[in-house]
Amino acid sequence: MSVLTVRVWRGAEQGAYQAFEVPRRASQTVLDVVTHIQRALDPTLAYRFACRVGMCGSCAMTVNGVARWTCRTHVDSVAGDGRLEIAPLANLPVIRDLVTDMREFFDKWARAKGRFSGSRTRGDDFERLAPQSAARREVDAAIECIGCGVCYSSCDVVAWNANYLGPAALNRAWTLLRDERDRARAERLRAVAGDAGCHACHTHMSCSERCPKRISPTAGIAGLKREVARAALRGEL
Amino acid sequence: MSLRGEALLWVAQRASAALLALCVAVHLATMIYAVHSGLGAAEILSRTRGNAAWLGFYSVFLLAVVVHVPIGLRAVLSEWLGWRGGTRDAALGAFALALAWLGLRAILGVFG
């Protein structure tokens, strides 16, 4: 049986990589590798996961220098030479080993007014939406975010500007801005404008390249840039 | 700076970038033409002196530079050096004025 050489980050902001030897198996995922280390080699290893099938967004880590969802990343696709280096997500504080503190990431969703604000009550009938409308198709293209933090971890602008809302929060704001039921348009445009908002994006597109759900936050952010600019020109911001 | 001001800076940078794309292309083509034709300084000056079209084109070019460069530097200064706020914007305003003065001096030197 062949063996994988795996270097895993241990510690918090200060720490070091620790090397492990892990048996290679068929259809093995990176999460399988981390789980093997914790269960068979070192039970003190801290990491986070839940669903194991690419739905919950909790198992993202930096694998060989690239942020990925580990439960759906096969070892074959990232460790052709039999070596893996696994670290916590970048741009987030490290709590311990592979576990990051996601509070700032989700707080920014709130700061971007990422909460739906409709006008109907539970006593009203359902609002009828045309699934094929241009606005709804734009929402559908961006709505399946699982909040894994891969885009946020891959974003250079987040690294340079700690207040920048980041691709996931801005993508969420975009889906609400294009949702015809939403009533918080003006408030949301103000939330995503300014130094920490959509215009800070440099269109590097790392978020779109690495999003495991194949969402393009860059496209949504470009839409936000246009909408905010129009509002500014009209004096509505 | 206000949210509206930040957004309008972005619009100004995009608009000036569009102008620059055109101006830089025309400028490079002119330079290549001048070099390939073997024009000397005296021959170039004889074409530019008193030429209102030339003056107008390079004035637009300069305006685009004066708008575009400080806005771009604003992002560089805040992201790479962490310099934000009023002092940064005042320094960039002074830098824009310096660019405008140097550019105008060059344009008028070749036009006059």
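Quick caveat: nothing in here was measured; it's all calculated off a predicted structure.

Further remarks concern the domain arrangement of chain A. All names here are of chain A. Each assigned domain of chain A is listed with its residue range as follows: domain 1 (3-100) and domain 2 (103-233). Between the C-alpha centres of domain 1 and domain 2 there is a distance of 29 Å. Taken together, the contact between domain 1 and domain 2 spans 14 residues of the former and 15 residues of the latter. Both faces combined, the contact of domain 1 with domain 2 buries some 1,100 Å², and carbon together with sulfur accounts for 62% of it. Interface area lost by domain 1 to domain 2 is led by A67, W69 and N91, which between them contribute 46%. Our enumeration of links across domain 1 and domain 2 arrives at zero salt bridges. Across the domain 1-domain 2 interface, the total number found is four residue pairs in polar contact (both at pLDDT 80 or more). Among the secondary structure elements, those contributing two or more residues to the side of domain 1 that touches domain 2 are strand 3 (60-63) and strand 4 (66-69).

This paragraph deals with the packing of helix 3 (residues 52-81) of chain B against helix 4 (residues 86-111) of chain B. Residues and elements named next belong to chain B. The geometry of helix 3 relative to helix 4 is characterised by a closest axis approach of 9 Å and an angle of 160° between their N-to-C directions. Comparing the axis directions of helix 3 and helix 4 gives the class roughly antiparallel. In this structure, the crossing between helix 3 and helix 4 has a hand that is right-handed. Counted by class, the contact of helix 3 with helix 4 contains 21 nonpolar, three polar and three charged residues.

Residues and elements named next belong to chain A. Between helix 7 (residues 167-177) and helix 10 (residues 217-233), the shortest axis-to-axis distance is 8 Å and the interhelical angle comes to 60°. Considered as vectors, helix 7 and helix 10 are oriented oblique to each other. Read as a crossing pair, helix 7 and helix 10 show a hand that is left-handed. Every residue of helix 10 that contacts helix 7 at P167, L170, N171, A173, W174 and L177 is listed here: P217, G220, I221, G223, L224 and E227. Of the residues assigned to the contact of helix 7 with helix 10, the class counts are eight nonpolar, three polar and one charged.

What follows concerns the interface of chain A and chain B. Where the parts come together, the accessible area they lose is often given as the size of the interface. In this complex, chain A contributes 17 residues to the contact, which on the side of chain B involves 13 residues. Inspection of the chain A/chain B interface yields one salt bridge. Put simply, D195(A) and R84(B) hold a salt bridge, and the shortest N to O gap is 3.0 Å. Along the contact surface separating chain A from chain B lie three residue pairs in polar contact (both at pLDDT 80 or more). Looking at the side of chain A that touches chain B, the elements that each hand over two or more residues are helix 6 (156-160) and helix 10 of chain A. The greatest single-element share of the side of chain A that touches chain B, amounting to five residues, is contributed by helix 10 of chain A.

Definitions and limits used
- Residues numbered from 1 in each chain as written.
- Chains lettered and ligands numbered in written order.
- Predicted model: local features only at pLDDT ≥ 70, side-chain atom pairs only at ≥ 80, totals over all residues.
- Heavy atoms only, no water.
- Domains from an automatic or database assignment.
- Contact = heavy atoms within 4.5 Å.
- Buried area = accessible area lost by both parts, 1.4 Å probe.
- Salt bridge = Lys/Arg side-chain N within 4 Å of Asp/Glu carboxyl O.
- Polar contact = N/O pair within 3.5 Å; in protein donor to acceptor, adjacent residues only side chain to side chain.
- Helix = DSSP H or I, 4+ residues; strand = E, 2+ residues; numbered from the N terminus.
- Axes fitted to C-alpha atoms, helices over the stretch in contact; angles between N-to-C directions.
- Parallel < 35°, antiparallel > 145°, perpendicular 65-115°, else oblique.
- Left-handed = near helix turned anticlockwise from the far one by under 90°.
- Nonpolar A, V, L, I, M, F, W, Y, C, P; charged D, E, K, R; others polar.

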